[in-house]
Amino acid sequence: MPSKPSKVLLRPDSQAAAETPASDLRQRPRRLRRTAVLRELVAETRLDPRQFIYPLFVVPGTNQCQEIEALPGQCRRSPDLLVAEVEQAWQEGIRAVLLFGIPEAKDPEGREAANPRGPAQEGVRALKRALPELVVMTDVCLCGYTTHGHCGIVGENGEVLNDPTLAVLAEAALSHAEAGADFVAPSDMMDGRVGAIRAALDQAGSTDTGIMAYSAKYASAFYGPFREAVDSAPQFGDRRSYQMASANRREALREARLDADEGADIIMVKPALAYLDVIAEVRAALDRPVAAYNVSGEYAMVKAAAACGWLDERAITLEVLTSIARAGADLILTYHCREAARWLKE
Ligand code: PBG
């Protein structure tokens, strides 16, 4: 930061003032940008690690930490090493996580998703034991559990069947709640899944388990690295018959309202960076907390460019996260959260 410009420029002496009609400039927004302290004083958006949610991948077994090539710095961990990682994140101010289970075996109906001893469920138990105050959320979907990689049960003609999928999703959500999850987060985009999960949770007495709905989840190429991480790329076709088209904004409001009506406690928009307008609209239209998912491809782009020396990683990451918050996200899911928490403290 250069210090003040010369006094002459800031307050011309009376003679200079008489010669130059600088006083025509009645509005000087730069006054509020003069020093770093002043800029912070008037900041409209502030990032805080307490608004971050850390997405993590859980595999069965012990002592596992497998690096994910397309997500530099991220690993698939067994529950024991998951706890070690999250204990460090907790020290840095992270208060919430979102778990993705990666099962040993897949089947056409994704039944393993509801295995009470599955990696996601065991991960929840281990985290709750070690850090009872941590907010533990779980992704509820079938794509990581089905042999075909689709987010629901597939019919004879390759179509993804909506209603038969709801029961499997509800069962998976219940198994997460029974393991101690604070929130379940359905990411499948089947119609009516929030209502089906809410009803199943309530019937089982899990009335305090919340739902963070991936409400406006777009069919996006930004999920590429994630699909490598959990081996969930569809084996045929794509997800466009259930995830939203990137061209649509009004439809996001419809999805968000439906999920809110069905009982979603938190509404999510995903991806984040290419959908800031959607975040802003959902924020304005609904009274629920809004979460935005800074997805794997957004993270990978920053990491790749930083590794090439083309971007300043710290600056770009904080700019990206600030922009997501400015657009209206109350909560931000991001793989950057540990480093961002450290940078924010400096
Ligand atoms: C599962 C799911 C996906 C992501 C979160 N939950 C992938 C997909 O829909 O294909 C993506 C997360 C990321 O890219 O970081 N349905």
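You'll find the structure just up there.
Anyway, here's the lowdown on the structure attached to this text. All residue numbers here refer to positions counted from 1 along the written sequence of the relevant chain. Under the rules for a predicted model, residues below a pLDDT of 70 receive no local features and side-chain atom pairs below 80 are neither given nor counted, while totals for whole chains, interfaces and linings still include all residues. Side-chain metrics rest on all non-hydrogen atoms present in the structure, leaving aside hydrogens and water.

**Notes on the layout of surface pockets**
Logical step 1: A pocket, in this scheme, is an open set of points on a 1 Å grid over the protein atoms alone with protein on both sides within 12 Å along at least 5 of 7 lines, while a cavity is a set where a 1.4 Å probe fits but cannot get out; residues line either one if an atom lies within 4 Å of a point. Grid points are joined across faces, edges and corners, and a volume is the space filled by probe spheres set on the points. Approximately 430 Å³ is the volume found for the second largest pocket.
Logical step 2: For the second largest pocket, the lining is made up of 14 residues, of which Arg 39, Glu 40, Ala 43, Thr 45 and Arg 46 are closest to its centre.
Logical step 3: Strands are runs of DSSP state E lasting at least 2 residues, helices are runs of H or I lasting at least 4, and numbering of each runs from the N terminus. Those elements that place two or more of their residues in the lining of the second largest pocket are α3 (36–41) and α12 (313–327).
Logical step 4: Each residue is assigned to one of three groups, with Ala, Val, Leu, Ile, Met, Phe, Trp, Tyr, Cys and Pro labelled nonpolar, Asp, Glu, Lys and Arg labelled charged, and all others, Gly among them, labelled polar. Its residues placed into classes, the lining of the second largest pocket shows eight nonpolar, two polar and four charged.

**Quick notes on the site of the ligand**
Logical step 1: Here a residue is near a molecule or strand as soon as one of its heavy atoms is found within 4 Å of it. Taken together, 19 residues are adjacent to the ligand, and Lys 217, Arg 227, Lys 270, Ser 296 and Tyr 335 come closest.
Logical step 2: Throughout this description, a polar contact denotes any pair of N or O atoms lying within 3.5 Å of each other; where both atoms belong to protein, one of them has to be capable of donating a hydrogen while the other can accept it, and for residues adjacent in sequence the pair is counted only when both atoms sit in side chains. A distance of 3.4 Å separates a nitrogen atom of the ligand from a polar side-chain atom of Asp 139.
Logical step 3: Separating an oxygen atom of the ligand from a side-chain N or O atom of Arg 239 is a distance of 2.9 Å.
Logical step 4: Throughout, a molecule is located in a cavity or pocket provided that more than half of its atoms lie within 2 Å of its grid points. Mapping the ligand onto the cavity grids shows that it belongs to the largest cavity.
Logical step 5: Looking at side-chain class alone, the shell around the ligand contains eleven nonpolar, three polar and five charged residues.

**Overview of the pairing of strand β10 (residues 266–270)**
Both faces of the sheet carry side chains from a regular strand, because those side chains alternate between them.
Logical step 1: Burial classification: accessible surface area is computed with a 1.4 Å probe over protein chains only, and a residue below 20% of its type maximum counts as buried, one above 50% as exposed, and the rest as partly exposed. Most of β10 is tucked away: five of the five residues are buried.
Logical step 2: Alternating positions in β10 separate into two faces, Ile 266, Met 268 and Lys 270 on one and Ile 267 and Val 269 on the other, with burial throughout.
Logical step 3: Any two strands with at least two DSSP bridges between them are considered paired. Looking at chain direction, strand β9 (residues 210–217) and β10 are connected through five bridges and run parallel. Note on β10: the bridge partner recorded for Tyr 214 is Met 268.
Logical step 4: Pairing of β10 with strand β11 (residues 290–294) involves three bridges; the strand directions are parallel. Looking at β11, one finds that Val 269 is bridged to Ala 292.
Logical step 5: Here, the term right-handed applies to a crossover whose path from the first strand over the helix to the second runs clockwise when the strands point away from the viewer. Between the parallel pair β10 and β11, the chain is carried across by helix α10 (residues 276–285), and the sense of this crossover is right-handed.

**A few points about the packing of aromatic side chains**
Logical step 1: Paired rings are identified among Phe, Tyr and Trp, the last through its six-membered ring, by centres lying within 6.5 Å, and are further divided according to the angle between planes into stacked (under 30 degrees), edge-to-face (over 60) and tilted (the rest). Under the criterion given, the structure shown has eight aromatic pairs.
Logical step 2: Look at Phe 57 and Tyr 335: their rings are 6.2 Å apart centre to centre, the planes differ by 10°, and that puts the pair in the stacked class. Here Phe 57 is found in strand β1 (residues 52–58), whereas its partner Tyr 335 is found in the loop between β12 (331–334) and α13 (337–345), with 278 residues between them in sequence. Tyr 335 matches Phe 57 in its accessibility class, with the two residues each being buried.
Logical step 3: For the ring pair Phe 100 and Phe 226, a centre distance of 4.9 Å and an interplane angle of 70° mean the geometry is edge-to-face. Highlighted residues: Phe 100 in strand β4 (residues 96–101) and Phe 226 in helix α8 (residues 224–230), separated in sequence by 126 residues. The pair Phe 100 / Phe 226 is uniform in exposure class, with both members buried.
Logical step 4: Ring-pair connections join several aromatic residues into one group, and the members of that group are Phe 57, Phe 100, Tyr 214, Phe 226, Tyr 293, Tyr 299 and Tyr 335.
Logical step 5: Over the ring of Tyr 223 we find Lys 217; its NZ or CZ atom is 5.5 Å from the centre of that ring.
Logical step 6: A ring has a charge above it when a Lys NZ or an Arg CZ is no more than 6 Å from the ring centre and no more than 35 degrees off the ring normal. Stacked on the ring of Tyr 293, the Lys or Arg Lys 270 has its end atom at 5.1 Å from the ring centre.

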